[in-house]
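The primary structure of each chain is shown beneath.
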Amino acid sequence: MSPQIEILLVAIIVSIACALPGVFLILRRMALMSDAISHSVLLGIVVGFFIIGQVDSPILLIFAAGTGVATVSLVELLHRTQLVKEDAAIGIVFPALFSIGVILVTRYANNVHLDQDVVLLGEIALAPFDRVTILGLSLPRGLVVMTLILVTNLSCIVIFYKELKISTFDAGLATALGFSPVFIHYGLMSLVSITAVGAFHAVGAVLVVALMIVPPATAYLLTNRLSIMLAISSLVGTISAIMGYFVAAKMDASVAGSMASMTGICFLLTFLIAPKRGILAIIYRRFRQKWEFSQTLLLIHLVNHEGKENEAEECNVNRINQHLSWNQTFTQNVILYAEKKGSIQIEEQILRLTNRGREIADQAFAR
Amino acid sequence: MQIFLHLFSDYTLRTVAIGTAILGIVSGALGSYAVLRKQSLVGDAISHAALPGICLAFLITDSKTPLVMIVGASLAGWLGILVVTAIVRNTRIKEDAALGIILAVFFGVGIVLLTLIQKIPNANQAGLDKFLFGQAAALLERDIKTMGIISIMVISLTFLFWKEFKLLCFDPTFGASLGFPMKILDILLMTLIVIAIVIGLQAVGVVLMSAMVVAPASAARQWTNRLAIMVCLAALFGAIAGVTGAIISSTTAKIPTGPMIVVCASVIFLFSLAFAPNRGLIWQSLLKKTKFKPEINEVDPK
């Protein structure tokens, strides 16, 4: 495999591995836990490195996952003292742990390839240089590690799918059915931590957050079904990874930063044009509702005066605006709209209901 | 002790100390409002969102004067808040996710811009990456002057609108019924918080500045139930954390400023959590032993 394809593969696998647990973080309103965990795993990596003496030992994953879970517990511990609100607790715990990690890295681990830039940006461009041999195949270490993490995430989600689903959408029911919410909570947090550690090397602390939160949030705008949301999140993650890589290569910029920017663009596009939930759809719906409502008002007015002696006066094209207290142009537009919809006809300057118009008015009355 | 004597004789150290004291005071004071309004994590999003603003400001003006940086960062921070509001108002995405989206995406864009700027063959660009983790030692006198003037404006506005902001924090509905324009006050307070965050970016960095908003204010909250005392204490704690952290970082090799300042602020927070009278953990466990029920008065009436 050429180095480009290897980097691209790592990027895609990282983004899918992040998107899967991210879906549950979004649904459980714990999105910012990914921020906290992805920062504080640095401390776990550094401490693990001091103990083991290797920067790429798999045991580091365990240390880092432990730190992730410790972060969550610390936040809960602080919150439970009732002296600080939960958001403030998150806002204190992870900067503190991250700071200690950064200080340790800059001060004592300078000769290792862990420095400030790696902490923030990862080293995905270096992925092909760090290789392991498995079954006679020489593969980039990042690819192997992230594939393992992806498989772990996927199998945990498949095995505990209904447990995760129920405890996410109805925690009360989950408890009543006998699942332990605590077990599921910490299990999910461990998955997030392990993923964050793996992705940390590839994309750095802050951009893990982008891959965990933005694709699931995008998917959340497009579907109501959990399984589809998982699929769309992975797809958005993959698209962002591919586009991000090529844009970065073209501009010679940071791959991780560019991937994060692409997730943002995917989200922005979806936010604008998603069917039903997108901004344009909302604006169009409001716009249509305004005309529909005005048309209904007009039709009701016509029904009220249909066949009465003052019909000629009340329903005259040029004077009806005075009776409805609308302005001239608006009234003309409503008449045009109603005519186009086939709910009225104009006969000798007088507005007459069609059968369709009568139906619409009846429906409005029936409400 | 030697270090503190140096404070008066060493010009660089004095500049650094004054600069970090200013940032501590402003972020502590304004942070109190953010913490009381449960917006602790908004600061996190704002500070990350400021990075592309800093880069764009540099790309457009080709200058690194503090005022340009502060204006760029504030505009980007504000844009971030606007987008969060738009997302929360128009979709079913909750605030935490919206903050996360803005934080990560803006930061990603900022990183792309930063790597692009570093490619420009221009000696002037050096040091822009110091905004990531901050470098107090790089503070110059002109930086201090700009920071000082802006801080004085921010603090005096806070005093000027003291009772309005108090209402905004504790009972906005009552405030509205009294005829105060709560929406405008909300925007004003948000702007002040944005500026307070942006001022500190150069010394503490975009990654960790949010802690300077949350930690001193949460520490101060443990000591008192009165807003005035809380704001003053938070400012004091912020200043102590800033100066101590900056001095340790400037006098010791290979210690980044931002993380050191945050560690100092966290130590102050832990100390307050343990030892504050009435609310502190040790005090409470003593009270429990003597079978007195502690009366914890929430400042927040909710």
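What you are looking at is a predicted structure, and each value in this text was computed from that prediction instead of being measured. (Residues numbered from 1 in each chain as written. Chains lettered and ligands numbered in written order. Predicted model: local features only at pLDDT ≥ 70, side-chain atom pairs only at ≥ 80, totals over all residues. Heavy atoms only, no water.)

Colleague: Teacher, can you tell me more about the overall build of chain B here?
Modeller: For chain B, the count of helices and strands is 14 helices and zero strands. Overall, chain B shows an N-to-C arrangement of helices and strands of α-α-α-α-α-α-α-α-α-α-α-α-α-α. A compact globule built from 302 residues should have a C-alpha radius of gyration of about 19 Å, and chain B, at 20 Å, falls within 12% of that. For the C-alpha atoms alone, the extent of chain B along its principal axes is close to 70 × 55 × 35 Å. (Helix = DSSP H or I, 4+ residues; strand = E, 2+ residues; numbered from the N terminus. Rg over C-alpha atoms; globule rule 2.2 N^0.38 Å.)

Colleague: Explanation requested: the nonpolar core in the structure shown.
Modeller: A general tendency of soluble globular proteins is for nonpolar side chains to be buried together. Counting 200 residues, the largest nonpolar core has V203 of chain A together with L30 and F107 of chain B as its most contacted members. Here this core gets 23 residues from one element, more than from any other, and that element is helix 9 (residues 181-220) of chain A. When residues no more than four places from it in sequence are discounted, the contact partners of V203 of chain A are V14, L120, L121, G122, V208, L211, A256 and M259 of chain A. W291, I335, A338 and L353 of chain A belong to the second-largest nonpolar core, a separate cluster that totals 19 residues. (Core = buried A, V, L, I, M, F, W, Y, C linked by side-chain atoms within 4.5 Å. Buried < 20%, exposed > 50% of the residue type's maximum accessible area, 1.4 Å probe, protein only. Contact = heavy atoms within 4.5 Å.)

Colleague: I would appreciate a short explanation of helix 13 (residues 257-275) of chain B in the present structure.
Modeller: Every α-helix carries 3.6 residues per turn, so stepping three or four residues along brings you back to the same face. The terminal C-alpha atoms of helix 13 of chain B lie 27 Å apart, and with 19 residues this matches the ideal 27 Å at 1.5 Å per residue to within 8%. Burial within helix 13 of chain B is extensive, with 15 of its 19 residues counted as buried. (Expected span 1.5 Å × (residues − 1).)

Colleague: I tried to follow empty space enclosed by the protein on my own but got confused; where do I start?
Modeller: All names here are of chain B. Summed over all chains, the structure comprises two cavities of 30 Å³ or more. Taken as a whole, the largest cavity spans an internal volume of roughly 90 Å³. Around the largest cavity sit I54, P66, M69, I70, A73, F131, D143, M147, V198, I199, L201 and Q202, which together line it. Elements represented by at least two residues in the lining of the largest cavity include exactly helix 4 (66-90), helix 7 (141-160) and helix 10 (182-204). In the lining of the largest cavity, the residues fall into ten nonpolar, one polar and one charged. The volume enclosed by the second largest cavity comes to roughly 30 Å³. Considering the residues around the second largest cavity, the lining is formed by V42, A45, I46, A49, G77, G80, I81, V84, L99 and I102. (1 Å grid on protein atoms, 1.4 Å probe; cavity = no way out; pocket = protein on both sides within 12 Å on 5 of 7 lines; lining within 4 Å. Points joined across faces, edges and corners; volume = space filled by probe spheres on them. Nonpolar A, V, L, I, M, F, W, Y, C, P; charged D, E, K, R; others polar.)

Colleague: Even after reading the chapter, I still don't get the domain arrangement of chain A, so can you show me in this structure?
Modeller: For an interface, size is often stated in terms of accessible area lost upon the parts coming together. All names here are of chain A. What the domain assignment lists for chain A is domain 1 (3-277) and domain 2 (280-366). On a C-alpha basis, the centres of domain 1 and domain 2 stand 56 Å from each other. Listed per partner, the contact involves six residues of domain 1 and four residues of domain 2. Note on domain 1 versus domain 2: buried area summed over both sides is about 300 Å², and carbon and sulfur give 51% of it. The largest contributions to the domain 1 side of the interface with domain 2 come from L272, K276 and R277, which together make up 78% of the buried area. Where domain 1 meets domain 2, there are zero salt bridges. The interface formed by domain 1 and domain 2 holds two residue pairs in polar contact (both at pLDDT 80 or more) in total. (Domains from an automatic or database assignment. Buried area = accessible area lost by both parts, 1.4 Å probe. Salt bridge = Lys/Arg side-chain N within 4 Å of Asp/Glu carboxyl O. Polar contact = N/O pair within 3.5 Å; in protein donor to acceptor, adjacent residues only side chain to side chain.)

Colleague: I would appreciate a short explanation of the interface of chain A and chain B in the present structure.
Modeller: Residue-level contacts link 58 residues of chain A with 55 residues of chain B. Of the roughly 4700 Å² buried between chain A and chain B on both sides combined, carbon and sulfur atoms contribute 73%. The largest per-residue losses of area from chain A upon contact with chain B belong to L32, L83 and R107 of chain A, which jointly make up 14% of the total buried on that side. Counting the contacts that link chain A with chain B gives one salt bridge. The salt bridge partner of D252 of chain A is K119 of chain B, with a shortest N-O separation of 3.8 Å. Counting only elements with at least two residues in the side of chain A that touches chain B, the list comes to helix 2 (31-52), helix 4 (86-108), helix 5 (116-121), helix 9, helix 11 (255-273) and helix 12 (279-305) of chain A.

Colleague: Help me understand the confidence of the model for chain A in this model?
Modeller: A low pLDDT means the predicted coordinates there should not be read in detail. This prediction gives chain A a mean pLDDT of 86; 96% of its residues lie at or above 70. Here helix 5 of chain A is the element of chain A with the lowest mean pLDDT, 67, and helix 10 (residues 226-251) of chain A is the one with the highest, 94. (pLDDT = per-residue confidence, 0-100.)

Colleague: Please explain helix 11 of chain A as it appears in this structure.
Modeller: The terminal C-alpha atoms of helix 11 of chain A lie 27 Å apart, and with 19 residues this matches the ideal 27 Å at 1.5 Å per residue to within 8%. Burial analysis of helix 11 of chain A places 14 of its 19 residues in the buried class, the great majority of the element.

Colleague: What is the right way to read a positive patch on the surface from this model?
Modeller: Residues R288, K340, K341 and R356 of chain A make up a contiguous surface patch of positive charge. The topology assignment puts R356 of chain A in helix 16 (residues 355-366). (Patch = residues over 30% accessible without salt bridge, like charges linked within 9 Å, V, L, I, M, F, W, Y side chains within 5 Å. Areas by Shrake-Rupley, 256 points an atom, 1.4 Å probe, with all protein chains shown as cover. Lys, Arg positive; Asp, Glu negative; His and termini not counted. Charge placed at Lys NZ, Arg CZ, Asp CG, Glu CD.)

Colleague: Where do I start with the pattern of salt bridges in this structure?
Modeller: Once their charged atoms are close, side chains differing in charge can pair, the charge on each being opposite to the other. Taken as a whole and assessed by the stated rule, the structure comprises nine salt bridges over all chains. The salt bridge partner of E306 of chain A is R358 of chain A, with a shortest N-O separation of 2.6 Å. In this pair, E306 of chain A sits in the loop between helix 12 and helix 13 (311-314) while R358 of chain A sits in helix 16, placing the two residues 52 residues apart along the sequence. Taking relative accessible area as the criterion, E306 of chain A reaches 31% and is therefore assigned partly exposed. For R358 of chain A, a relative accessible area of 30% gives the class partly exposed. A salt bridge links E164 of chain B to K163 of chain B; its shortest N-O distance comes to 3.7 Å. On the basis of relative accessible area, K163 of chain B is assigned to the exposed category, the value being 51%.

Colleague: Which parts of the structure should I look at to understand unusual backbone geometry?
Modeller: Of note in this structure, Q82 of chain A is not a glycine but carries a positive phi near 65°. Residue position: Q82 of chain A is located in the loop between helix 3 (59-80) and helix 4.

Colleague: Where do I start with the state of the cysteines in this structure?
Modeller: Note on terminology: a disulfide is the covalent bond linking the sulfur atoms of two cysteines. Residues and elements named next belong to chain A. Enumeration over the complete set of coordinates arrives at zero disulfides over all chains. Free cysteine: C266, not disulfide-bonded; nearest cysteine sulfur from C18 at 15 Å. Under the relative-accessibility criterion, C266 is labelled buried at 14%. (Disulfide = S-S within 2.5 Å.)

Colleague: Can you help me understand the pairing of strand 2 (residues 137-140) of chain A in this one?
Modeller: When a strand is regular, its side chains alternate between the sheet's two faces. Residue and element names in this part refer to chain A. Across four bridges, the pairing between strand 1 (residues 131-134) and strand 2 is antiparallel. When the bridges of strand 2 are listed, R131 appears paired with P140. Hairpin connection from strand 1 to strand 2: two residues lie between these consecutive antiparallel strands, with L135 at a positive phi of about 50°. (Pairing = 2+ DSSP bridges.)

Colleague: I'm lost on the side chain of T296 of chain A in this one. Help?
Modeller: With respect to the helices and strands, the residue T296 of chain A is situated in helix 12. Excluding anything up to four places from it in sequence, T296 of chain A contacts I360 and A364 of chain A.

Colleague: How do you make sense of the side chain of D35 of chain A when you look at a structure like this?
Modeller: Relative to the elements of secondary structure, D35 of chain A occurs in helix 2. Not counting chain neighbours up to four residues away, the residues in contact with D35 of chain A comprise F94 and V209 of chain A together with D44 and L103 of chain B.

Colleague: Help me understand the packing of aromatic side chains, please; the structure alone is not making it clear to me.
Modeller: Aromatic rings considered in pairs are described by the distance between their centres and by the relative angle of their planes. A complete count under the given rule lists 14 aromatic pairs over all chains for this structure. A ring pair is formed by W326 of chain A and F330 of chain A, whose centres lie 5.2 Å apart and whose planes are at 80°; its orientation type is edge-to-face. By relative accessible area, W326 of chain A is classed as buried at 16%. Judged by centre distance (5.9 Å) and plane angle (70°), the ring pair of Y33 of chain B and F165 of chain B falls under edge-to-face. Here the residue Y33 of chain B occupies a position in helix 2 (residues 11-36), and F165 of chain B occupies one in helix 8 (residues 162-170), the gap between them amounting to 132 residues. Counting every residue linked through ring pairs, the aromatic cluster contains F287, W291, W326, F330 and Y337 of chain A. The residue whose ring lies beneath R92 of chain B is Y220 of chain A, and the NZ or CZ to ring-centre distance is 4.2 Å. (Phe/Tyr/Trp six-rings, centres within 6.5 Å; stacked < 30°, edge-to-face > 60°. Lys NZ or Arg CZ within 6 Å of the ring centre and 35° of its normal.)

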